[in-house]
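Below, each chain spelled out in residue letters.
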Amino acid sequence: MSMIKPISNNDNKTLKNVIRNNLQVFHNFCEKHNLTYYLSDGTLLGAIRHQGMIPWDDDADVCMPRKDYNRLLELSGELPKPYKLGHFSLDPHYIYPFIKFMDSNTEIIEYFGEASYKAGVWVDIFPLDGTYKSIRVRKLHYALVRNLRFLFELRVRSYRAPEDKTSTIKYWLKKIIKPLLYSIIKAIPKSLIFNQMDFIAKHVCTDKTSVVGNLYTSIGIKASHKKEWFEEKLLVDFDGYKFFSPKGYDGYLTNLYGDYMTPPPPKERQTHNIQILK
């Protein structure tokens, strides 16, 4: 699958408006049911650096302590229409290991190589789990989840033949082993892989550690943080709205991005491979 045509400025503005509204509805629902959440990743970065969405961003991320994350799943049937949760426990065709909060009156499609997934405009919701104080053991914790992430990506996002032939041995190993592994993985139910990811990710009780993080990320232990940064929350401005941030946002953002107040050069500004359908 080649890259799709970039989203137009008008479509990008519409998409951002839907995302902001999604966040407001999600915020109100969490307040009503006493659920804790925090803006996270690039969405929190946008709130602090731009007081709203990053101008070139096209999605939103939040995180929730595992107990609140699980409670949100239990309350999925109480969401106001047209909003719903996407999760593998709710939909056998769902292809992500974490929750998406979606507006079902809208429709976008996200491409992954030769595969794709169609759903309403969403907010990604990640569980915030405890992890190990020891860097060495923490790396292992993240690696176990990351390896399962590799399996699910191969399972749901289809096989692509290697293209880089600079290393002949590496090329042929991928050419032979990867399709064989893909055939085996296709026989494993997605839910089994996802449940194993959940089991390992939440293995460390948050109350018994001083380190928490998002174990579903691809960036490893860089996504682990001091638990004290999340012990309080505060409202931050977000394009005319107010949403929750961890009080320790400076440590969190510095941990993830370094000098986070300096925008990256244009060539390093990342977007998702999505298309707006309605």
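For the structure itself, look to the data block above.
Treat the numbers as computed from the prediction; the structure is a model and nothing was measured. (Residues numbered from 1 in each chain as written. Predicted model: local features only at pLDDT ≥ 70, side-chain atom pairs only at ≥ 80, totals over all residues. Heavy atoms only, no water.)

Undergrad: What is the right way to read the side chain of Arg 49 from this model?
TA: Structurally, the position occupied by Arg 49 is in helix α2 (residues 41-49). There is no salt bridge for the buried Arg 49, and the closest opposite charge comes from Asp 259, which lies 7.7 Å off by N-O distance. In terms of polar contacts, Arg 49 uses its side chain to reach the backbone carbonyl oxygen of Tyr 260, at 2.8 Å. With near-sequence residues (within four places) excluded, Arg 49 lies in contact with Ile 54, Trp 56, Tyr 260, Met 261, Thr 262, Pro 263 and Pro 264. (Helix = DSSP H or I, 4+ residues; strand = E, 2+ residues; numbered from the N terminus. Buried < 20%, exposed > 50% of the residue type's maximum accessible area, 1.4 Å probe, protein only. Lys, Arg positive; Asp, Glu negative; His and termini not counted. Salt bridge = Lys/Arg side-chain N within 4 Å of Asp/Glu carboxyl O. Polar contact = N/O pair within 3.5 Å; in protein donor to acceptor, adjacent residues only side chain to side chain. Contact = heavy atoms within 4.5 Å.)

Undergrad: Help me understand the packing of aromatic side chains in this model?
TA: How two aromatic rings sit relative to each other is set out by the distance from centre to centre and by the angle between their planes. Scanning all chains against the criterion turns up 14 aromatic pairs. For the ring pair Phe 98 and Phe 126, a centre distance of 4.4 Å and an interplane angle of 45° mean the geometry is tilted. Of this pair, Phe 98 sits in the loop between β3 (83-86) and β4 (99-112) while Phe 126 sits in strand β5 (residues 115-131), and the two are 28 residues apart along the sequence. You'll find Phe 98 and Phe 126 in the same group, each marked buried. Through pairs of rings, three or more aromatic residues link up here, namely Phe 26, Tyr 37, Tyr 83, Phe 101 and Phe 244. Directly above the ring of Phe 244 sits Lys 233, whose terminal nitrogen or CZ lies 4.2 Å from the centroid. (Phe/Tyr/Trp six-rings, centres within 6.5 Å; stacked < 30°, edge-to-face > 60°. Lys NZ or Arg CZ within 6 Å of the ring centre and 35° of its normal.)

Undergrad: Just to check I follow, could you spell out unusual backbone geometry for this structure?
TA: The phi angle of most residues is negative, glycine excepted, and most peptide bonds adopt the trans form. Here the bond from Lys 81 into Pro 82 is cis, since omega is 10°, no more than 30 degrees from zero. The backbone of Asn 34 sits at a positive phi, close to 60°, despite the residue not being glycine. Take Asn 34: it is sitting in the loop between α1 (9-32) and β1 (38-39). You can call Asn 34 exposed: its relative accessible area is 68%. Although it is not a glycine, Asp 41 sits at a positive phi angle of roughly 50°. With respect to the helices and strands, Asp 41 occurs in helix α2.

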